[in-house]
Amino acid sequence: MHQRDDGALHHLREVPACSVQFGTDLTSSAPGSGKGCLIVSDIEAARTAMVGAGIEVSAVFHLGPDGPVEGLDPERRSYFSRATFADPDGNTWLLQEVTTRLPGRVDPGPTSFGSTTDLASALRRAAAAHGEHEKRIGQEDPDWPDWYAQYMVGEQTGAEPPE
């Protein structure tokens, strides 16, 4: 996002790249009636960066069986953790954390990370998952770099995580 003339939106360097189109004659909708969704790989980092830039963002919440529940999804499932904010025109935006794309939604070819924040978040998720892997196998995994690499590439391409 880039700063508007009124200074309400600031450039957010640490939020993963996205493209949002603004301008006149793009829609006949009245200001404040729009609803949008922005996908982020780490909702906590995105929210922190936005709050640090002066944007009011709701607390993170997740979808429970009976509706929204405050806090991150306990299993940290992709698509479940969210937050909301409004732009200066009053349009509502949903931030949604997506760490593993559904099959068929990404090119299974080359993988990459758009920023150091994205890479660090992927490493944290891999570390947490690897800790569970070591508990399952009952010992330290000397091949952890290979496991991390397979996990991180699989996360981006929608492949099954390593066992």
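Since the model is a prediction, treat every value here as computed from it, not as a measurement.

K.L.:
How should I be thinking about the overall build of the protein in this particular structure?
P.N.:
When its secondary structure is counted, the protein shows three helices and five strands. Mapped in sequence order, the helices and strands of the protein form the string β-α-β-β-β-β-α-α. Buried residues in the protein amount to 34% of all 163 residues. Carbon together with sulfur atoms contributes 51% to the accessible area of the protein, which is approximately 10,400 Å² in total.

K.L.:
Just checking my understanding: could you explain helix H3 (residues 144-157) for this structure?
P.N.:
Turn by turn, an α-helix covers 3.6 residues, leaving residues three or four places apart pointing in a common direction. With 14 residues, H3 should cover 20 Å at 1.5 Å per step; its first-to-last C-alpha distance of 20 Å lies within 8% of that length. Listing the buried residues of H3 in full gives Trp147, Tyr148, Tyr151, Met152, Gly154, Glu155 and Thr157. The first or second residue beyond H3 is glycine 158, which carries a positive phi of 85°.

K.L.:
I keep staring at the packing of aromatic side chains and nothing clicks. Help me out?
P.N.:
Centre-to-centre distance and the angle between the planes together describe a pair of aromatic rings. This structure, assessed with the given rule, holds three aromatic pairs. Judged by centre distance (6.3 Å) and plane angle (15°), the ring pair of phenylalanine 85 and tryptophan 93 falls under stacked. Of the residues examined, phenylalanine 85 reaches a relative accessible area of 4% and is grouped as buried. Ring geometry for tryptophan 144 against tyrosine 148: centres 5.2 Å apart, planes inclined by 70°, an arrangement best described as edge-to-face.

K.L.:
Even after reading the chapter, I still don't get the pattern of salt bridges, so can you show me in this structure?
P.N.:
Oppositely charged side chains may form a pair once their charged atoms are brought near each other. For the coordinates displayed, the defined rule picks out five salt bridges. Here glutamate 97 and arginine 76 are joined by a salt bridge, their closest N and O atoms 2.9 Å apart. Here the residue glutamate 97 occupies a position in strand S5 (residues 92-97), and arginine 76 occupies one in the loop between strand S3 (67-70) and strand S4 (81-86), the gap between them amounting to 21 residues. Note on glutamate 97: relative accessible area 1%, which makes it buried. The partly exposed category is assigned to arginine 76, whose relative accessible area is 31%. Through salt bridges with shared partners, a single network forms among Asp42, Glu44, Arg76 and Glu97.

K.L.:
Would you explain the sheet that holds S3 in this entry?
P.N.:
Neighbouring strands of a sheet are bound in pairs by backbone hydrogen bonds; such pairs are parallel or else antiparallel. The mixed open sheet is built from five strands, whose spatial order is S1-S5-S4-S2-S3. At either margin of the open sheet sits one strand with a lone partner, and together these are strand S1 (35-40) and S3. Between one strand and the next, the sheet's axes are offset by a mean angle of 35°, whatever the strand orientation.

K.L.:
Just checking my understanding: could you explain the pairing of S4 for this structure?
P.N.:
Regular strands show a simple pattern: their side chains alternate between the two faces of the sheet. Relative to S4, strand S2 (residues 61-64) is paired through two bridges, and the arrangement is antiparallel. Pairing of phenylalanine 61 across the sheet is with arginine 82, part of S4. Two strands pair when backbone bridges link them, and S4 and S5 are joined in this way by five bridges, in the antiparallel orientation. The residue of S5 that forms the bridge with phenylalanine 85 is tryptophan 93.

K.L.:
Just checking my understanding: could you explain the side chain of aspartate 87 for this structure?
P.N.:
Within the element layout of this structure, aspartate 87 appears in the loop between S4 and S5. According to the relative accessible area criterion, aspartate 87 is buried, its value standing at 8%. Within the structure, the side chain of aspartate 87 is placed 2.9 Å from the backbone nitrogen of aspartate 89, a separation counted as a polar contact. Polar side-chain contacts of aspartate 87 include one of 3.0 Å to the backbone nitrogen of asparagine 91.

K.L.:
What is the right way to look at the nonpolar core in this model?
P.N.:
Generally speaking, soluble globular proteins have nonpolar side chains that are buried together. Core analysis: the biggest nonpolar cluster contains 12 residues, these being Leu38, Val40, Ile43, Ala46, Met50, Ile55, Val57, Val60, Ala83, Phe85, Trp93 and Leu95. Of all the secondary structure elements, the ones that give two or more residues to this core are S1, helix H1 (43-52), S4 and S5. Looking at this core element by element, the count peaks at three residues for H1. Grouped together as the second largest cluster of nonpolar side chains are seven residues, Ala122, Ala126, Ala129 and Tyr148 included.

How each quantity is defined
Residues numbered from 1 in each chain as written. Predicted model: local features only at pLDDT ≥ 70, side-chain atom pairs only at ≥ 80, totals over all residues. Heavy atoms only, no water. Helix = DSSP H or I, 4+ residues; strand = E, 2+ residues; numbered from the N terminus. Buried < 20%, exposed > 50% of the residue type's maximum accessible area, 1.4 Å probe, protein only. Areas by Shrake-Rupley, 256 points an atom, 1.4 Å probe, with all protein chains shown as cover. Expected span 1.5 Å × (residues − 1). Phe/Tyr/Trp six-rings, centres within 6.5 Å; stacked < 30°, edge-to-face > 60°. Salt bridge = Lys/Arg side-chain N within 4 Å of Asp/Glu carboxyl O. Pairing = 2+ DSSP bridges. Axes fitted to C-alpha atoms, helices over the stretch in contact; angles between N-to-C directions. Polar contact = N/O pair within 3.5 Å; in protein donor to acceptor, adjacent residues only side chain to side chain. Core = buried A, V, L, I, M, F, W, Y, C linked by side-chain atoms within 4.5 Å.

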